[in-house]
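For reference, the chains in residue letters:
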Amino acid sequence: MASRDQFRSRIGFILAAAGSAIGLGNIWRFPYMTGESGGGAFVLMYLLIVMVVGVSLLLVEFSIGRHGKANAVDSYAKIHKGFAWIGYLGVFTSFLLISYYSVVGGWTIYYTLKSATGTLTSLPADQIGNFFGGFISQPVLPLFYHLLFIFLTAWIVAKGISGGIEKYTKALMPLLFIMLLILLVRALTLPGAMKGVAWYLKPDFSKLTGSTVVAACGQVFFSLSLGLSGMVTYASYLSKDDNLISSSFVVAMTDTLIAIIAGFVIFPTIFAFGGDPSGGPGLVFISLPQIFTKMPMGAFFAFIFFLLLVIAALTSSISIMEVCITFFVEKVKWSRLKASVFYGTVCFLLGIPVSLSFGMWGDVKILGKGIFDLFDYFCSNISLPLSGLACAILVGWFWGKEKALAEVTNDGRIQSNVAGLWFFTVKYVIPIVVGIIFLQAIGVLQV
Ligand code: PHE
């Protein structure tokens, strides 16, 4: 077999991993989850879980991947045969996750086009909700954009790691950050913005229930791209000299910072325009354009912003897809192209019911949830935490301290005073914390 592809530079890997982490999860999902779960208390819980569980699990995935140098299934099996199932679960979850991720990705493409033509920002601010609702409830049009989004993802992935993924993520992430800062200034200076800031920052602990904690934990996994083996897969393309410890810090911190800033953009805007923070998945698609209508050159800024959001979403969706592609190429011996076409087709089909659940099939309920909610709940709150839990047990109890620390310190070449604490967290803290939250998520525990 030809030698395996590799990331060409350290910064290339960090940006690809950060690109995977930063996506719709930060700008679309984090705000509406916060909105549905009551604001400040959710945000605090989120930050706590990032610090205790998120950063550590990121390092867990990086170390398993770099040690394995193979698709996720083989990387887990290399440490212990009995854990290969985490890789299969990742492959399965990847299909479900991308199918709704790309429906929303399609919305961002539509918004980019509607900004370019000026249609979006020519609407009165109070009409944007109707505009959005009118679009997503259509049977065919959103599916077209969903397909386009999948096509773009598959196209980049088919080109491989260094020529595709690495190249496309490098340039654009910093630009997204700058755009967010511009929006931040505008949002905070809207009349009435401070009510939103207060709502966002003031924790109301009476809102903190078992299901809020489940949601916060799910959001951490979703946003940091944990529990899908995506980070395992990316790290499998790393060379031996990278510093995994600092990479996991950098990735977790940038991802968190962007989500927090997104909240500072969205909530002041919602309060300034009298919207409802618990408005669900449509939240940012309504509130962001409202800011743009209140800005000079709003159409221009809207266009740039949504374009960057499309790119941020793509750098995440390619990592979701790469889990399966590396698997199909190495285990089923398909070409990258064949694997990409197959994957793209299945995901398109799976996305159809998801998209329709925002319109005609809005009343269809399975296990008491709409189709979109069901897919999302299964992925974020069940599958991702379950494999995160299993990864921690694998590293803490089966790989063992000596080997795990050798991997993360590059055989002792990196001096680190956090490595020991990391291992302790992985072995004891994560299994207990994530274990309890998982039992709550599947309904065994009820707090
Ligand atoms: N982290 C990505 C986002 O926030 C989504 C993602 C989840 C990517 C799981 C890979 C694995 O948009």
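The coordinates are above.
Nothing here was measured: the structure is a model prediction, and the numbers come from that model. (Residues numbered from 1 in each chain as written. Predicted model: local features only at pLDDT ≥ 70, side-chain atom pairs only at ≥ 80, totals over all residues. Heavy atoms only, no water.)

Visitor: Help me out: how do you make sense of the packing of helix 2 (residues 24-36) against helix 11 (residues 210-223) in this one?
Guide: Packed helix pairs are specified by the crossing angle of their axes together with the interaxial distance, meaning the distance between the axes. The geometry of helix 2 relative to helix 11 is characterised by a closest axis approach of 11 Å and an angle of 180° between their N-to-C directions. One way to sum up the angle between helix 2 and helix 11 is to call them roughly antiparallel. Across the interface between the two elements, Gly25, Asn26, Arg29, Phe30 and Met33 of helix 2 pack against Ala215, Gly218, Gln219, Phe222 and Ser223 of helix 11. Looking at the contact of helix 2 with helix 11 residue by residue, the class counts come to 4 nonpolar, 5 polar and 1 charged. (Axes fitted to C-alpha atoms, helices over the stretch in contact; angles between N-to-C directions. Helix = DSSP H or I, 4+ residues; strand = E, 2+ residues; numbered from the N terminus. Parallel < 35°, antiparallel > 145°, perpendicular 65-115°, else oblique. Contact = heavy atoms within 4.5 Å. Nonpolar A, V, L, I, M, F, W, Y, C, P; charged D, E, K, R; others polar.)

Visitor: Could you clarify how one ought to interpret the pattern of salt bridges in this entry?
Guide: Pairing is possible between side chains that carry opposite charge, provided their charged atoms lie close to one another. This structure, assessed with the given rule, holds 6 salt bridges. As a salt-bridge pair, Lys240 and Glu407 come within 3.3 Å of each other at their nearest N and O atoms. Of this pair, Lys240 sits in the loop between helix 12 (230-235) and helix 13 (244-272) while Glu407 is found in helix 18 (residues 401-408), placing the two residues 167 residues apart along the sequence. Take Lys240: its relative accessible area is 36%, and that puts it in the partly exposed class. (Salt bridge = Lys/Arg side-chain N within 4 Å of Asp/Glu carboxyl O. Buried < 20%, exposed > 50% of the residue type's maximum accessible area, 1.4 Å probe, protein only.)

Visitor: Looking at this structure, I do not really get the site of the ligand. What am I missing?
Guide: Not every one of the 15 residues close to the ligand is listed here, only the nearest: Ala21, Gly25, Tyr101, Phe222 and Ser225. The backbone of Gly25 places a nitrogen or oxygen atom 2.8 Å from an oxygen atom of the ligand. In the environment of the ligand, a nitrogen atom lies 2.7 Å from a nitrogen or oxygen atom belonging to the backbone of Phe222. Considering the ligand on its own, with 330 Å² of exposed area, one finds that the protein chains cover 100% of that surface. Looking at the shell around the ligand, the elements with two or more residues in it are helix 1 (10-21), helix 2, helix 5 (84-116), helix 11 and helix 15 (298-331). By residue class, the composition of the shell around the ligand is 7 nonpolar, 8 polar and no charged. (Near = heavy atom within 4 Å. Polar contact = N/O pair within 3.5 Å; in protein donor to acceptor, adjacent residues only side chain to side chain. Areas by Shrake-Rupley, 256 points an atom, 1.4 Å probe, with all protein chains shown as cover.)

Visitor: Could you clarify how one ought to interpret the packing of aromatic side chains in this entry?
Guide: Within the structure shown, the criterion is met by 43 aromatic pairs. Between Tyr200 and Phe267 the ring centres are 5.2 Å apart and the planes differ by 35°, which places this aromatic pair in the tilted class. Of this pair, Tyr200 sits in helix 10 (residues 193-201) while Phe267 sits in helix 13, placing them 67 residues apart in sequence. Taking 5.7 Å as the distance between ring centres and 80° as the angle between the ring planes, the aromatic pair formed by Phe305 and Phe306 counts as edge-to-face. Accessibility classification places Phe305 together with Phe306 in one group, the buried group. Stacked on the ring of Phe222, the Lys or Arg Arg29 has its end atom at 4.8 Å from the ring centre. Sitting above the plane of the Tyr377 ring, Lys369 keeps its charged end 4.5 Å from the centroid. (Phe/Tyr/Trp six-rings, centres within 6.5 Å; stacked < 30°, edge-to-face > 60°. Lys NZ or Arg CZ within 6 Å of the ring centre and 35° of its normal.)

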